[in-house]
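Understanding the architecture of this molecule
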Amino acid sequence: MKKELLRINRLNYNYTRTRKLENVSFCILEGECIGFLGLSYSGKDLMTSLLRGELTEGDGSGAIYLGGQKVNDWEVLGKEIYYMCPDNYVIEDWTVAEYLCLVDSGWAGSFWRKGVLNEEAGKYFEELELDFDISSRIRDLSELEKRIVDVVKAYRKGARIIIIEDEFDGVSQTDIIKFGKIIRRLIQRKLGVIVNSNSNFIMSELSDKFIIFDRGHVVKKCAREYIKNEEQLERFSSWGKRIAVKGKNRRTNRDVLERGRHCIQN
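In what follows, the accompanying structure is described. (Residues numbered from 1 in each chain as written. Predicted model: local features only at pLDDT ≥ 70, side-chain atom pairs only at ≥ 80, totals over all residues. Heavy atoms only, no water.)

Sheet topology places strand β1 (residues 4-14) next to strand β2 (residues 20-29); seven bridges connect them, and they run antiparallel. Residue Leu-11 lies in a different strand from β2, and its bridge partner there is Val-24. Count of turn residues in the β1/β2 antiparallel hairpin: five residues. In this sheet, strand β4 (residues 59-66) lies alongside β1 in antiparallel orientation, the contact comprising seven bridges. (Pairing = 2+ DSSP bridges. Helix = DSSP H or I, 4+ residues; strand = E, 2+ residues; numbered from the N terminus.)

Here is the structure:
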């Protein structure tokens, strides 16, 4: 049976008047790739910022669990949730082994111990059954290879969740599909993934399930199979906006949510 990696229970969080989360609940299991859908200020970006341990201001209530243990200090989240974005690869002169190991303070004195460094990094690629030249420079890797290395780094750091916020610039659709297959295989070991992208193609290829946000609420959870094509995915991503313009100018949040649920279910 798959282990529970992350659970959010009735989370309320007020960051600003327009950025808030209300009664948000969801769970991510081992090996799951979950896509966050929604418009700007829907709550999905605020949720990922909170999980990355970025936010120290604002009022919150509810509970967050990592590996079954309640998180009492939300800043701890950043230590067990790995953030994957293009800015990670700016140190292009580093080798793959250095990128994996040298950032950690425990390796501060190991820069010149190349043999030890390579051996340490090589174990993780071998364990994950990846054929990789760990002496390659980051700048010489393809965009696909850089992202594979980042997944290995998350695995090495003992992360429970990887948050992918990436538009995959310079990566072909074929390589994005390939990356989706690779990451699903790698995370079966002990990881879960949250995908938060503006590209419907990326969302549909990397996500197995979707959580749809609107105005700070989770309004729908569904499996990938429930959404048949990219056009339908686009409608789901922007359904909150469409519902709002169809109704009356004055409407309570509950009215919007109930009407939205009805539209999705039908």
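Here we take up the pairing of strand β10 (residues 217-223). With respect to burial, β10 is a largely interior element, five of its seven residues being buried. Direction of pairing for strand β9 (residues 209-214) relative to β10: antiparallel, over a ladder of six bridges. If you follow Lys-209 over to β10, its bridge partner there is Ala-223. (Buried < 20%, exposed > 50% of the residue type's maximum accessible area, 1.4 Å probe, protein only.)

Under the defined criterion, the tally for this structure stands at six aromatic pairs. Judged by centre distance (5.7 Å) and plane angle (80°), the ring pair of Phe-26 and Phe-36 falls under edge-to-face. Of the two residues, Phe-26 is situated in strand β2 and Phe-36 in strand β3 (residues 33-37); the sequence distance between them amounts to ten residues. Neither Phe-26 nor Phe-36 differs from the other in exposure class; each is buried. Judged by centre distance (5.1 Å) and plane angle (25°), the ring pair of Phe-125 and Phe-132 falls under stacked. Members of the aromatic cluster, each reached through a chain of ring pairs, are Phe-26, Phe-36 and Phe-213. Above the face of the Tyr-83 ring, Arg-52 is positioned so that its terminal group lies 3.5 Å from the ring centre. (Phe/Tyr/Trp six-rings, centres within 6.5 Å; stacked < 30°, edge-to-face > 60°. Lys NZ or Arg CZ within 6 Å of the ring centre and 35° of its normal.)

Turning to the sheet that holds β4, a few remarks are in order. Ordered by their spatial adjacency, four strands build an open sheet running β2-β1-β4-β5, and the pairing between neighbours is antiparallel. Each of the sheet's edge strands pairs with one partner strand only, and the pair in question is β2 and β5 (69-70). Helix α1 (residues 44-51) contacts β1 and β2 of the sheet and is inclined by roughly 115° relative to β1. (Contact = heavy atoms within 4.5 Å. Axes fitted to C-alpha atoms, helices over the stretch in contact; angles between N-to-C directions.)

Here we come to the pattern of salt bridges. Scanning the model with the defined rule gives 16 salt bridges in all. Between Lys-209 and Glu-32 there is a salt bridge, and its shortest N-O distance comes to 2.6 Å. Highlighted residues: Lys-209 in strand β9 and Glu-32 in the loop between β2 and β3, separated in sequence by 177 residues. With relative accessibility at 36%, the residue Lys-209 sits in the partly exposed group. Looking at Glu-32, the relative accessible area reads 8%, which means it is buried. Linked by salt bridges that have partners in common, Glu-143, Lys-146, Arg-147 and Asp-166 make up one network. (Salt bridge = Lys/Arg side-chain N within 4 Å of Asp/Glu carboxyl O.)

Keep in mind that these numbers describe shape and distance, not what the molecule does.
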